[in-house]
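# Breakdown of the fold
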Amino acid sequence: MPRTAELTYTNYPYTNGDRSDEELNKQIISLARRNKFYLKNIQGLFKNSISRAFSRAFGGGSTEIYVAKNGVKVVGFIIFWGEVLWGTCRMCMDLHYWLVDKDYRNMGIGGELYSMMEKQATNYGLVNYSVMYKKDDDVLKQLYEKKGYKFIPRYDGVDTQECCSGDIHIKVFKVIQSRYSIPTLFTGGEEMPDLLLLR
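So, here is what we can say about the structure in this document. (Residues numbered from 1 in each chain as written. Predicted model: local features only at pLDDT ≥ 70, side-chain atom pairs only at ≥ 80, totals over all residues. Heavy atoms only, no water.)

### Thoughts on the overall build of the protein chain
Along the protein chain, the regular secondary structure elements total five helices and ten strands. By residue count, 43% of the 199 residues in the protein chain fall in the buried class. A sequence separation of at least 24 residues applies to 63% of the contacts in the protein chain between residues at least 6 apart. For the protein chain, the accessible area works out to roughly 10,900 Å², and carbon and sulfur atoms hold 52% of it. (Helix = DSSP H or I, 4+ residues; strand = E, 2+ residues; numbered from the N terminus. Buried < 20%, exposed > 50% of the residue type's maximum accessible area, 1.4 Å probe, protein only. Contact = heavy atoms within 4.5 Å. Areas by Shrake-Rupley, 256 points an atom, 1.4 Å probe, with all protein chains shown as cover.)

Shown next, in the form of structure tokens:
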């Protein structure tokens, strides 16, 4: 079992519109290579000119990356996107990628990364969670079921299966709140009907 005396967790922020730490990018991509289906998507996240602050200010979302390091080595990461008032899954924290090096599993690293996503969801006022994974992956199915995720046919008026890539994936949700009151900050002071997220 590897030593974890120097285990740390950190947010990988944008710098001048992108994530420009080439060594960190390289290590994350190296971990991601075990799942080539998602590799190009993860590589694309390192060049993102959308300002997080601008996007949040207007009710949008942005990609967040948190990494776990043992010393200088990246041993895990979690990537997620929070959809506030735009998109097809409003008020939902969408978990994209969550991976821990096989030599560092069963040490609580994945759980700590997931907790960081939950804290960000609270910070942004997001009330629900979603994740998409391959239908035939029984390990992930059991993992997300334990965390309270389940398939629902519609979220925010959208057929959830339409969000998936053909018949390969399934999208599941952890619904904590099915109704949401839009702050007047986003409506020019006008009171709006509640969002019915399950309808």
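### Some remarks on the nonpolar core
Core analysis: the largest hydrophobic core is formed by 33 residues, its most contacted members being Met-91, Met-117 and Tyr-149. For this core, the secondary structure elements donating two or more residues are β2 (63–70), β3 (73–83), β4 (92–100), α4 (109–124), β5 (128–134) and β8 (169–175). Counting residues per element, this core draws most heavily on α4, at six residues. In this structure, Leu-24, Ile-42, Leu-45 and Leu-99 belong to the second largest nonpolar core, which totals 18 residues. (Core = buried A, V, L, I, M, F, W, Y, C linked by side-chain atoms within 4.5 Å.)

Geometric values such as these leave the question of function open.
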